[in-house]
Structures are given as C-alpha cells and as structure tokens.
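Residue-level listing of the chains:
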Amino acid sequence: MKILVVGGGGREHAIVSALSRNSETEIHSVMARKNPGIARIARKICLTKEIDLARITAFARETGVTHAIIGPEAPLEAGVVDELAAAGVACVGPTKAAARIETDKAFCRDLMTHHHISGNPAYRVFHDTAEAIAFVKDHDGDLAIKPIGLTGGKGVRIMGEQVDRAGAIAYVKQIKGDVVFEERLKGEEFTLQAFVDGSHIIPMPLVQDHKRAFEGDTGPNTGGMGSYSMPDHMLPFVSRKDYTAALSIMASVVAAMAKDGHPYKGILYGQFMNTANGPKVIEFNARFGDPEAMNVLTLLSSDLTDVVTGITEGTLSASKVAFDHAATVCKYVVPVGYPAAPKIGRPLNLGKTGDAILYYANVEERDGRLFTLTSRTLAFVGKADTLAGAEHIAEQAASAVKGSVHHRRDIGTQTLLNRRIAHMKELQ
Ligand code: AMP
Ligand code: GLY
C-alpha cells in the first residue's frame, strides 16, 4: 500500500515509524521543513506548507498514494481531506466540516449540548467583544477564557490564576470577540485517543501530557513537554468508572457527528479533566496528540496499515488493534527559552541514546549536524515493563543531549505520579 503522511513533527515521525514496521508499505511525506527522521524512511518527500492543498494533491497524484494520514490540525482546517478525497485518496482524518470538533470550540460545546452528551463544563459563547466584556465584568469566581479557533494549545487564559479581571478583559479585547468562557475545572488531566471509522471507535491506552514548560508544572503552557502511559493502559488517578464515562462521551460525540451529517473518520483525541464529579471535556482534537502519539504508536503491536484501511473502509474492529502491555515515557528536549523566546540555530550533540527511541521534531540537520529551531526539538521515548524503567531510559537519553536545550526531568517519575494521585484523592 502507498500512504502519504502530512506533517513533519515528532508526531508524524512516530506515525511514519509505525507504518514502516510493515516493509510492504510505501511511505511518502509532505512537510513544511525536512524532518531528518521522516526523510530517512519516506520514499519521496515534498517540502511545502502543510496547508498548500494544490501542492499536496499534486504530490499525491504523482506518487500514486491511495491513502493519507493527516498529522496536524492546520491542514484539516484548510480542508485537505476534502481535496484528497476528491482526488481519490482515502484519508485518516476528518473532513473540514467534521474537523470543527477541534477547530471551532463553540461548535464542539454546542454539539454536546444539543445531543445531551455529558462532560461539558458550564460555558457561554460570545461573538461580540462588548457583550463578552460585560460578561467578564459581572462574573464571580474563576473562568477559563478560550478563543473559538485554533491556537496551537497556547490560547487558554484562566481568570483567577494566570490573569485577574483586568487581564481577562484585556485578553478578550485582544482576541476580538469570538470567545468561549468556561467554568474552571479542577482535577487531573488525561488524554484518551481513539481510532474512529465513522461509527466504530477503538480506544488507545490512556496518556498524561505535561503542558507546562518547567518541572513541578510551573512556567508557561507549551505544546506539551512530555507524556507517559502505564502497562495496564490506564492511569492510577482514573478509575474504571471514569474511563468508561470518558469513552462513552467520545462514542456519543462520534454518533452525534454521524447523525448531524458529518461522520467522523480519523483519530479522535479527547482531553479530559478528571474532576470530583467524573471526567469533563477540556477539548477534542481531530488528530493524534503530540507528544501522546509517541506513547501509543510505540506500543501499537498491530499493523498501522491495517488500522488505516479499517478507518477508511469503515471496518474497524477491536480485534485488529492491539497495544503492548508496557509503560512508556516520552521526554521532549526543547530550546532554552521555549516557548516565548527560543534560542534558534544552536548546535546540538546527541549523547548515548541507549535503548531510547528518538523521534525528530522541529530540528534542522545540516552537514550531518543538528541545530535548534523555534519549537520542540527531539523526543526520546523509553519503553519498559515498569514506569520507572521507561523513565530511566528516556531520562538518560534526554540528559545526554548537549546544547542550549532543556527538558523536564520530572516527567514519568513516581514523585510526580504520587502528587497526581494525592491531588485526585483530595478532590474526591
Ligand atoms: P487547551 O488549549 O484547550 O488544550 O487548554 C490548555 C490548558 O488549559 C489545558 O491543558 C488545561 O490545563 C487548561 N484548561 C483548558 N480549559 C480549562 C477549563 N475549563 N478549566 C480549567 N483548565 C482549563
Ligand atoms: N499534546 C496536546 C496536543 O497535541 O494538542
């Protein structure tokens, strides 16, 4: 089978690696800049903007791919799936209309309300700046403030924590009106990703991401500094009941999308806050998470090519999808100063990577040397029977990198995990 992978980050390197485990799969890649890991595996690469639909479709025709996996959200929002489908390429990824589950936060909340799906926090949508400001002025207590559209995971401001009322009003002015206000949820976050073929939904192991830049969950929000998963595919602060509730919310969303005439095919990513009252939806994404893709795709023991056809043909079944029962820890190495002021163009030297799997992300390879760019640089994944074993492997490799970079040493440690468990107990 010939498959096109759109995107050039760590997530897409993980997708391409998983596909390459089937030696008969021929992989082609479209990416904005050359990812050294993907470039080594792909048969042909096309360097272009990931929203350049004309180029992407022309490249799909030229390479003769029959299927495509769309990594990032920007091409989904631009309608790459609609274009590729028109050219006869079957896609893992929703149409522009169905991608609104991620690209339009008001659409997502309203869909859940109209279909009586549980898991929504209290929320209000505004399209007018003056009305939104009046709401903030009158509101008592904390509030999560979100632009309706895509923000690269960096658009949320919490009034009562990151900003005061004046700061909240300034932010509403800055985002010019189209805004969702949500009840501030308290709890522990987890990610549930699933393969979806329009009607069937097959869950992947639970993962916890770490958004904050620095150890102890301090510093600004990032795209995600690293993530871990456990051998039983659960998380110790998520009960079976919570898990079943979260999966049922996702299944209800998939059913609602089909009922409303835009069936969902691709990866559905549910970001949940596990609260004292069970899991609540923070948001949905229309793609794998980055870094969460690195955890689940490292564990996937079935052939991703089969999963791809299951999704595109509507024949997904649990018997086709299996994951190893091991722990994984992913640690991102990022430029010093990331996310606000990353040190760009700094040389890096890999040390001993040991048993860690290296996924290249936003990094430049020049004359055999690596240099930092603006975003997350390299991801190291440890996989082992225990979380401690996986953490050790990832940590050794990440700390062996020399250059103007840093990573979070605490991701995947028992100390951090114990804090999460204690926090959840305290809330319940
Ligand atoms: P998002 O861009 O939706 O992934 O949100 C980024 C981060 O903001 C999340 O990981 C949460 O930590 C936080 N957040 C988003 N929505 C809420 C909410 N309603 N209550 C509390 N925290 C939230
Ligand atoms: N890790 C969060 C995201 O991919 O949006």
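First things first, this report covers the structure right here in the doc. Please read all numbers here as calculations on a predicted model, not as lab measurements.

What counts, and at which threshold
Residues numbered from 1 in each chain as written. Chains lettered and ligands numbered in written order. Predicted model: local features only at pLDDT ≥ 70, side-chain atom pairs only at ≥ 80, totals over all residues. Heavy atoms only, no water. Helix = DSSP H or I, 4+ residues; strand = E, 2+ residues; numbered from the N terminus. Rg over C-alpha atoms; globule rule 2.2 N^0.38 Å. Contact = heavy atoms within 4.5 Å. Lys, Arg positive; Asp, Glu negative; His and termini not counted. Charge placed at Lys NZ, Arg CZ, Asp CG, Glu CD. Buried < 20%, exposed > 50% of the residue type's maximum accessible area, 1.4 Å probe, protein only. Arc of directions from axis to C-beta. Polar contact = N/O pair within 3.5 Å; in protein donor to acceptor, adjacent residues only side chain to side chain. Near = heavy atom within 4 Å. Areas by Shrake-Rupley, 256 points an atom, 1.4 Å probe, with all protein chains shown as cover. Nonpolar A, V, L, I, M, F, W, Y, C, P; charged D, E, K, R; others polar. Pairing = 2+ DSSP bridges. Axes fitted to C-alpha atoms, helices over the stretch in contact; angles between N-to-C directions. Phe/Tyr/Trp six-rings, centres within 6.5 Å; stacked < 30°, edge-to-face > 60°. Lys NZ or Arg CZ within 6 Å of the ring centre and 35° of its normal. Salt bridge = Lys/Arg side-chain N within 4 Å of Asp/Glu carboxyl O.

Let's shift gears to the overall build of the protein. Across its full length, the protein carries 14 helices and 24 strands. The C-alpha atoms of the protein give 21 Å as radius of gyration, which agrees with the globular expectation for 428 residues (22 Å, within 12%). If one aligns the C-alpha atoms of the protein with their principal axes, the spans along those axes are about 60 × 45 × 40 Å. A separation of at least 24 residues holds for 68% of the contacts in the protein among residues at least 6 apart in sequence. Side-chain charges in the protein split into 48 positive and 48 negative, and the spacing between the mean points of these groups amounts to 4 Å.

A few words on helix H9 (residues 165-174). Inspection of H9 places Ala168, Ile169, Tyr171 and Val172 among the buried residues, and these make up the whole buried set. Seen end-on, H9 carries its buried residues on one side only, within an arc spanning 160 degrees. Exposed side chains of H9 directed beyond 90 degrees from the buried face belong to Ala166, Lys173 and Gln174. Turning to H9, the residues buried within the fold contact helix H8 (129-138), strand S7 (143-147), strand S8 (157-159) and strand S9 (179-182). Just downstream of H9 lies Lys176, where phi reads positive at about 55 degrees.

Our next topic: helix H7 (residues 105-114). Across the ten residues of H7, seven count as buried, placing the element largely inside the fold. Where H7 begins, the side chain of Asp104 points an oxygen toward the backbone nitrogen of Ala106, at a separation of 3.1 Å. Just downstream of H7, His116 is the residue with a positive phi angle, here 55 degrees.

Looking at ligand 1, there are 15 residues lining it, with Lys146, Leu185, Glu189, Gln271 and Glu283 nearest. Within the side chain of Lys146, an N or O atom sits 3.0 Å from a nitrogen atom of ligand 1. The separation between a nitrogen atom of ligand 1 and a polar main-chain atom of Glu183 is 3.1 Å. In the complex, 93% of the free accessible area of ligand 1, which totals 480 Å², lies under the protein chains. Mapped onto the shell around ligand 1, the elements with two or more residues apiece are S7, strand S16 (265-275) and strand S17 (278-285). Residues that form the shell around ligand 1 fall into these classes: six nonpolar, two polar and seven charged.

Considering the arrangement of structural elements, one finds Leu370 in strand S22 (residues 369-372). Among the residues examined, Leu370 registers a relative accessible area of 7% and is labelled buried. On a C-alpha basis, the gap between Leu370 and Leu300 in space is 29 Å, while along the polypeptide they are 70 residues apart. Sequence-distant contacts of Leu370, that is, excluding residues within four places in its chain, are made with Pro36, Arg346, Pro347, Leu348, Leu350, Tyr360, Val363, Glu364 and Glu365.

This part takes up the site of ligand 2. Ligand 2 sits among Asp209, Lys211, Gly223, Tyr269, Asn285, Arg287, Gly289, Asp290, Pro291 and Glu292. Contact between ligand 2 and Asn285: an oxygen atom at 3.3 Å from a side-chain N or O atom of the residue. Between ligand 2 and the protein, one listed contact pairs an oxygen atom with a backbone N or O atom of Asp290 at 2.9 Å. The protein chains hide 93% of the 200 Å² of surface that ligand 2 would expose on its own. Across the shell around ligand 2, the residue classes tally to two nonpolar, three polar and five charged.

Moving on to the sheet that holds S16. One open sheet holds the four strands; their spatial order is S11-S10-S16-S17, and the pairing between them is antiparallel. Of all strands in the sheet, those with a lone pairing partner are strand S11 (201-203) and S17, marking the two edges. Adjacent strand axes in the sheet meet at a mean angle of 35 degrees, parallel and antiparallel pairs treated alike. Sheet topology note: the strand S10 (residues 188-197)/S11 ladder contains three bridges and is antiparallel. Within the sheet, the bridge partner assigned to Phe195 lies in S11 and is Ile202. This element, helix H10 (residues 240-259), spans S10, S11, S16 and S17 of the sheet and lies at about 40 degrees to S17.

Under the defined criterion, the tally for this structure stands at six aromatic pairs. Seen in terms of ring centroids, Phe126 and Phe181 are 5.7 Å apart; in terms of plane orientation they differ by 65 degrees. Their pairing is edge-to-face. Pair noted here: Phe126 is in strand S6 (residues 123-126) and Phe181 is in strand S9, with a separation of 55 residues, a long-range link. Of the two residues, Phe126 and Phe181, neither departs from the other in class, the shared state being buried. For the ring pair Phe135 and Phe181, a centre distance of 5.1 Å and an interplane angle of 25 degrees mean the geometry is stacked. Of this pair, Phe135 sits in helix H8 while Phe181 is found in strand S9, placing the two residues 46 residues apart along the sequence. Taking relative accessible area as the criterion, Phe181 reaches 1% and is therefore assigned buried. Positioned above the aromatic ring of Tyr171, the side-chain terminus of Arg157 is 4.4 Å from the ring centre. Just above the ring of Phe371 sits the side chain of Arg366; from NZ or CZ to the centre is 4.1 Å.

A complete count under the given rule lists 24 salt bridges for this structure. Between Arg100 and Asp104 there is a salt bridge whose closest N-O contact spans 3.5 Å. The class of Asp104 is buried, set by a relative accessible area of 17%. Note that Arg184 and Glu161 form a salt bridge whose closest N and O atoms lie 2.9 Å from each other. Taken together, the positions of Arg184 in the loop between S9 and S10 and Glu161 in the loop between S8 and H9 put the pair 23 residues apart, joining distant regions of the chain.

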